[in-house]
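If you want the building blocks of each chain, they are given just below.
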Amino acid sequence: MTLSLPKALLYLLLVVAHGCWAAAPRPLLSEYTHTAWTAVDGAPTGATKFAQGDDGWLWVATPTGLFRFDGVHFERVTQVYGHALATSNIMALTTAPDGALWVGDRVGGVSVFRKDGAQTYTEAGGLQPVGVMHIEVAPDGAVWAAMRDGVAVLAPGARRFEYLPPTAGLPALGVFQILFARDGTTWIGTNIGAYFRPRGESRFRPSWPREGRVALAEAPDGAIWAQDFQHSYYKVRRTAPPAGTVIKPDVDGSSLRYDRRGTQWVLHADALERRVKGAGPAAPDQRLSQLNGISGPMLSTSFQDREGNLWISTSQGIDRLRPNRLTTMPGKVRLQFPALMTGPEGDIWVGDYAGDVWRYDADGPRQREVAGEITAAHTAQDGVLWLGGTAGVKRRAPDGAVTTFGFPDDVKGLRVHALQQDRHGALWASFSAGKGVYRLEHGRWVKSGGLRGISELLTTAMALDGQGDLWLGHLRSEISVVGDGGVRRLGAAHGLELGTVLALHADGQRMWVGAENGVALYRDGGFVALAGERGERFRGVSGIVRMPDGDLWLHGAEGLYRIAAASLDAWSNNPRALLAFERFDARDGMQGHAPQLRPVPSLLRARDGKLWYATTSSVGTIDPANILRNRLPPPVRIVAVVAEGARHPVSEAGPHSLALPQGTRDMQIDFTALSLSIPERVRMRYRLAGLDRDWQEPVGRRAAYYTNLAPGKYRFEVIASNEDNLWNTAGAALDIEIPPTFVQTGWFKLLLAGLALLLLYIAYALRIRSLTRRMQERLQERLAERTRIARALHDTLLQSVQSLLLSFDAHSRLLKEGTQERTRLDQTLNLAEQLLVEGRDQIMDLRASASPEELGLALEQFGKGLAEHRAHQFEMRVRGAPHRLQPGVQDEIYAIAREALFNASRYADAGKITLVLEYGAGGLTLRVDDDGRGLDDAVAAAGHRPGHWGMVGMRERARNLGGTLDIDSAPGAGTQVKLHVPARKSY
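Reading the values: the criteria
Residues numbered from 1 in each chain as written. Predicted model: local features only at pLDDT ≥ 70, side-chain atom pairs only at ≥ 80, totals over all residues. Heavy atoms only, no water. Helix = DSSP H or I, 4+ residues; strand = E, 2+ residues; numbered from the N terminus. Rg over C-alpha atoms; globule rule 2.2 N^0.38 Å. Buried < 20%, exposed > 50% of the residue type's maximum accessible area, 1.4 Å probe, protein only. Contact = heavy atoms within 4.5 Å. Areas by Shrake-Rupley, 256 points an atom, 1.4 Å probe, with all protein chains shown as cover. Lys, Arg positive; Asp, Glu negative; His and termini not counted. Charge placed at Lys NZ, Arg CZ, Asp CG, Glu CD. Pairing = 2+ DSSP bridges. Axes fitted to C-alpha atoms, helices over the stretch in contact; angles between N-to-C directions. 1 Å grid on protein atoms, 1.4 Å probe; cavity = no way out; pocket = protein on both sides within 12 Å on 5 of 7 lines; lining within 4 Å. Points joined across faces, edges and corners; volume = space filled by probe spheres on them. Nonpolar A, V, L, I, M, F, W, Y, C, P; charged D, E, K, R; others polar. Arc of directions from axis to C-beta. Patch = residues over 30% accessible without salt bridge, like charges linked within 9 Å, V, L, I, M, F, W, Y side chains within 5 Å. Salt bridge = Lys/Arg side-chain N within 4 Å of Asp/Glu carboxyl O. Core = buried A, V, L, I, M, F, W, Y, C linked by side-chain atoms within 4.5 Å. Phe/Tyr/Trp six-rings, centres within 6.5 Å; stacked < 30°, edge-to-face > 60°. Polar contact = N/O pair within 3.5 Å; in protein donor to acceptor, adjacent residues only side chain to side chain.

Digging into the overall build of the chain
Per the secondary structure count, the chain includes 10 helices and 71 strands. Taken over C-alpha atoms, the radius of gyration comes to 55 Å for the chain, far larger than the 30 Å a tight globule of 987 residues would show. In terms of its C-alpha atoms, the chain occupies a principal-axis envelope of roughly 185 × 100 × 40 Å. Burial status across the chain gives 50% buried among its 987 residues. A separation threshold of at least 6 residues defines the contact pool for the chain, and within that pool the share at least 24 residues apart is 54%. Within the structure as shown, the chain displays about 46,500 Å² of accessible surface, and the carbon and sulfur contribution to it stands at 51%. When the 113 positive and 106 negative side-chain charges of the chain are each reduced to one mean point, those points stand 2 Å apart.

Right, dumping it as structure tokens:
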């Protein structure tokens with residue numbers, strides 16, 4: 001319904017009374033993120049000076065020592081670049097453009113530390129050890145020191161400091177600070193006033209007022225501010241004020257600084273104050289004190305590092321203020337679940353559960369537009385705003401007229417969860433408590449729009465796709481799509497498995513879906529979920545914006561994400577690819593997180609291109625075209641190596657190599673990246689060349705661990721990136737050598753190999769000896785058994801046959817010689833005797849081994865067996881260490897020797913037969929000698945006896961072995977058979 005005239009007039013009065021309010025500076029902690037470190041965190045206390053050079057270390061001077069900070073750990077140092085400090089009581093500190101660190105002792109002289117050396121200046125260097133108050137490097141490279149007894153200058157290239165003479169116009173005592181102004185003027189703060197010397201002059205002149213000025217600061221406009229002993233700051237005048245003029249302090253404070261943006265920062269005894277134009281001198285929201293988390297009282301000094309962070313020292317610790325990338329909008333009261341909406345002119349309007357709807361600009365709320373709280377909002381294409389609360393839905397026309405539509409009876413008292421106008425101009429509304437959706441037609445609510453098929457689950461988000469169909473997001477990964485053709489349902493069967501749908505955003509013909517467990521894109525009839533690098537799932541996204549340049553922005557439970565268009569395009573072509581992304585969260589100034597139920601959407605783009613986001617209690621902005629960036633890649637340092645419990649510091653001065661103790665097996669390498677803004681987002685990668693195949697990227701640690709290292713040379717490399725993914729690819733490297741112990745040397749390994757071979761040989765020899773002994777035992781058993789059988793046959797069968805022959809011979813003598821019977825009987829007896837001889841020979845063969853396993857033993861047994869049945873002696877000689885012969889060779893040699901022994905025993909009528917077996921390096925030699933009658937000339941000439949092939953077989957066997965066989969014999973002089981088999985054939 002339309003507002004009545006009285007209500008309209010009342011509303012107009014409210015707008016007039018509260019519509020506009022003057023722009024106020026944003027609270028300090030909405031534009032800066034504050035971090036405090038105390039002694040509990042290892043931070044130094046009562047610091048006197050900060051300094052930082054191109055190496056990235058933040059140096060902190062204190063009365064108890066010198067510290068350095070890498071953004072994560074404070075470390076007390078007693079040496080700089082490997083050179084010891086003169087004292088731990090330090091007052092002055094600065095860095096020079098050449099990388100030198102200058103240190104002034106509270107009671108003493110000045111020391112300088114460079115990577116190539118160090119020097120301390122006292123009496124020999126032109127300084128009295130009275131103490132240093134301040135050190136400053138002049139534009140020409142000269143080093144000025146404010147000493148307790150005057151100003152001393154070390155000219156470029158000079159070896160000694162020289163005090164400024166009395167003719168310079170400065171007081172002899174009580175010098176506190178030196179300042180080189182941008183216009184070339186040199187300023188000196190003393191206990192009786194500030195003195196200045198313009199460029200080109202040689203004498204200092206006093207400024208006004210002429211009283212103690214101990215601390216100096218230069219403003220962006222060139223004005224010089226000076227502090228007195230009562231902690232009051234004045235603008236210094238170069239000329240005398242008119243007579244009778246009373247000069248009053250401009251600012252109270254113990255220290256003053258202007259940052260690079262021109263902002264004035266004032267340190268008080270108990271607080272830090274940011275003085276913003278238009279704000280009062282004591283605005284509570286522009287102060288950082290113990291009430292809002294500063295580390296302690298007694299603020300003493302401040303410093304701005306090269307990344308733009310502001311550092312403050314207190315009596316109890318160190319504080320850092322970092323400029324935020326996200327800007328939180330100021331407001332009169334804390335918002336409660338704010339809802340974002342686009343105004344009729346493309347600007348951003350904000351309402352919440354407890355207040356009214358306000359028009360916002362870059363400085364915050366500017367004008368009240370609609371009275372009353374809201375829980376959901378929607379801006380139609382014609383500029384009409386639909387606002388849902390707890391009592392009804394309001395329609396605000398472009399001309400400002402507001403009409404309210406009460407709720408249906410079924411949903412009275414509930415909250416509107418989401419609003420969306422369909423292609424026909426009808427409004428759809430979702431209500432809490434799972435009461436479904438309604439369509440507003442001609443002022444009448446129709447549940448589900450009169451359609452069937454819409455999910456009964458709570459509708460959490462609505463949007464129109466590129467074809468004008470209405471998408472309704474529900475719980476349990478369900479979506480209902482309402483078109484002119486009816487309702488279709490999407491869900492797990494289409495690849496959507498992300499839980500409660502929180503946001504819907506049309507992207508051409510595609511639809512982005514944000515849910516409690518991730519984000520997915522609907523295209524080609526199915527959903528494809530996003531997956532980010534390092535396991536990022538983009539949880540709880542309730543706001544989605546696709547920028548004109550193609551970048552995708554997501555507002556989720558863990559912050560605001562930016563996915564670059566190039567990365568998104570690569571993912572579109574390969575959905576399995578992991579997305580590179582950038583995240584902005586509490587470290588960037590976000591207060592809270594994206595709403596996880598309503599109001600949605602929680603992210604909108606304004607007409608000026610800025611993104612507006614809502615959390616549960618605040619509204620903030622970010623300008624994608626002007627994001628605060630860190631353009632400095634972090635310097636990377638390898639700090640120390642811990643080997644077997646011993647720490648080995650690594651000096652930045654070099655050498656960049658380290659020899660660890662012999663036998664080192666376990667090693668820890670500590671490294672760091674010197675980015676002080678958001679060290680939590682610094683990414684580091686390392687590898688140990690020679691061991692690591694790929695880069696390792698640790699999470700939450702700045703150390704590498706290696707175990708079970710072998711001796712050798714290694715090269716450790718580490719690189720890092722800052723919070724903006726700007727990599728220092730040069731990084732740092734350290735060559736590490738682990739010398740081997742004696743037991744790890746090659747000689748020891750060769751010795752072990754030799755011992756192993758010796759042990760194997762001994763084991764082999766023992767095994768061979770054992771096998772040989774067992775074989776000999778078995779051979780003896782076999783020979784003994786064969787001998788027993790031969791003896792039994794000889795003592796039984798042969799003796800019996802012999803007796804029969806004697807008996808038959810005796811009977812044959814009874815027959816008359818010459819008779820046919822006598823002749824036949826003699827022939828039979830001769831045949832029987834021949835058979836007896838052959839049987840005896842067979843028994844002799846049985847007594848020998850047919851397949852010897854030990855040549856010498858077998859031949860000795862065979863020779864002795866022949867001697868038992870023949871009238872000759874037998875002698876066996878073995879020369880040299882017996883070798884194990886090849887199986888086939890051994891059998892052939894045995895056969896040749898057996899034939900030679902048998903021939904000598906049977907045919908030579910010898911008195912003695914000698915067998916010599918000689919194992920030599922050149923081969924095996926076998927010789928059989930007898931003293932018998934020798935070979936007949938015919939036999940020697942033929943090489944064998946007629947009808948006998950023993951000698952022929954011996955030669956054939958010798959030839960097959962690759963050896964030589966020589967037979968030397970003469971009638972009546974005996975016979976020698978000699979066989980030689982080369983070593984390569986026999987052994």
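Considering the sheet that holds strand β30 (residues 317–323)
Adjacent strands of a sheet pair through backbone hydrogen bonds, lying either parallel or antiparallel. Spatially, 4 strands are ordered β1-β30-β29-β28 in an open sheet, and the strand pairing comes out antiparallel. Strand pairing shows two members of the sheet lacking a second neighbour, β1 (32–38) and β28 (301–304), which therefore form its edges. Taken pair by pair, the neighbouring strands of this sheet meet at an average axis angle of 15°, ignoring direction. Here 4 bridges tie strand β29 (residues 310–313) to β30, and the two strands are oriented antiparallel to one another. Looking at the pairing, Ser-313 lines up with Ile-318 of β30.

Some points on unusual backbone geometry
Residue Pro-209 is bonded to the preceding Trp-208 through a cis peptide linkage, with omega at 0°. Counting through the fold element by element, Pro-209 comes out in the loop between β19 (205–206) and β20 (215–218). The peptide bond linking Arg-598 to Pro-599 adopts the cis configuration, its omega dihedral lying at -5°. You can see Pro-599 is positioned in the loop between β55 (582–584) and β56 (603–605). Look at Arg-534: it is not a glycine, yet its phi comes out positive at around 55°. Note that Arg-534 resides in the loop between β51 (526–529) and β52 (543–546).

Topic: the layout of surface pockets
Estimates place the volume of the second largest pocket at around 1,300 Å³. Forming the walls of the second largest pocket are 44 residues, and the residues nearest its centre are Pro-679, Glu-680, Arg-681, Val-682 and Arg-683. The class makeup of the residues in the lining of the second largest pocket is 15 nonpolar, 6 polar and 23 charged.

Details of helix α3 (residues 565–573)
Three or more residues of α3 are buried, namely Ala-565, Ser-567, Leu-568, Trp-571 and Ser-572. On an axial view of α3, the arc spanned by its buried residues comes to 160°, and they lie on one face. Away from its buried face by more than 90 degrees, α3 exposes Ala-566 and Asn-573.

Observations concerning a nonpolar patch on the surface
Residues Phe-742, Val-743, Leu-751, Leu-752, Leu-755, Leu-758, Leu-759, Tyr-761, Ile-762, Tyr-764 and Leu-766 make up a contiguous nonpolar surface patch of about 1,100 Å² in total accessible area. Looking at the element boundaries, Ile-762 is found in helix α4 (residues 746–812).

Here's the deal with the nonpolar core
Across soluble globular proteins, nonpolar side chains have a tendency to be buried as a group. Formed by 33 residues in total, the largest nonpolar core has its most connected members in Leu-855 and Ile-893. Listed by contribution, the elements that provide at least two residues to this core are α6 (855–869), β67 (873–879), α7 (887–907), β68 (912–920), β69 (923–930), α9 (950–961) and β71 (975–982). With 9 residues, α7 is the largest single contributor of residues to this core.

Quick look at empty space enclosed by the protein
Under the criterion given, the structure shown has 1 cavity of 30 Å³ or more. Computed from the structure, the largest cavity encloses a volume of approximately 40 Å³. Taken together, Gly-53, Asp-55, Trp-59, Tyr-81, Thr-95, Gly-99, Ala-100 and Leu-101 form the lining of the largest cavity.

Considerations on the environment of Ala-881
Positionally, Ala-881 belongs in the loop between β67 and α7. For Ala-881, a relative accessible area of 54% translates into the label exposed. Separated by 695 residues in sequence, Ala-881 and Thr-186 place their C-alpha atoms 103 Å apart.

Some details on the environment of Trp-571
Note on placement: Trp-571 falls in helix α3. Spatially, the C-alpha atoms of Trp-571 and Glu-201 are 66 Å apart, while their sequence positions differ by 370 residues. Discounting residues that sit within four places of it in the chain, Trp-571 has contacts with Trp-512, Leu-521, Val-528, Ala-529, Leu-530, Ala-577 and Leu-579.

Here's the deal with the packing of aromatic side chains
If you walk through the whole model with that rule in mind, you get 31 aromatic pairs. On the numbers, 5.0 Å between centres and 35° between planes, the contact of Phe-337 with Tyr-353 is tilted. Residue Phe-337 is located in the loop between β31 (327–328) and β32 (339–342), and its partner Tyr-353 is located in the loop between β33 (348–351) and β34 (357–361); the two are separated by 16 residues in the primary sequence. Members of the aromatic cluster, each reached through a chain of ring pairs, are Trp-37, Phe-69, Phe-74 and Trp-311.

A look at the side chain of Gln-177
Structurally, Gln-177 can be placed in strand β16 (residues 175–180). By relative accessible area, which is 14% here, Gln-177 ends up buried. In this structure the side chain of Gln-177 is engaged in a polar contact, spanning 2.6 Å, whose partner is the backbone nitrogen of Leu-216. The contacts of Gln-177, once residues within four sequence positions are left out, are His-134, Ala-146, Trp-187, Ile-188, Gly-189, Val-214, Ala-215 and Leu-216.

Re the pairing of β34
Two strands pair when backbone bridges link them, and β33 and β34 are joined in this way by 3 bridges, in the antiparallel orientation. Following the sheet pairing, Trp-349 is matched in β34 by Arg-359. Hairpin connection of β33 to β34: 5 residues between the antiparallel strands. In this sheet, strand β35 (residues 364–370) lies alongside β34 in antiparallel orientation, the contact comprising 5 bridges. Paired with Trp-358 across the two strands is Arg-368, which belongs to β35. Hairpin connection between β34 and β35: a loop of 2 residues separates the two successive antiparallel strands.

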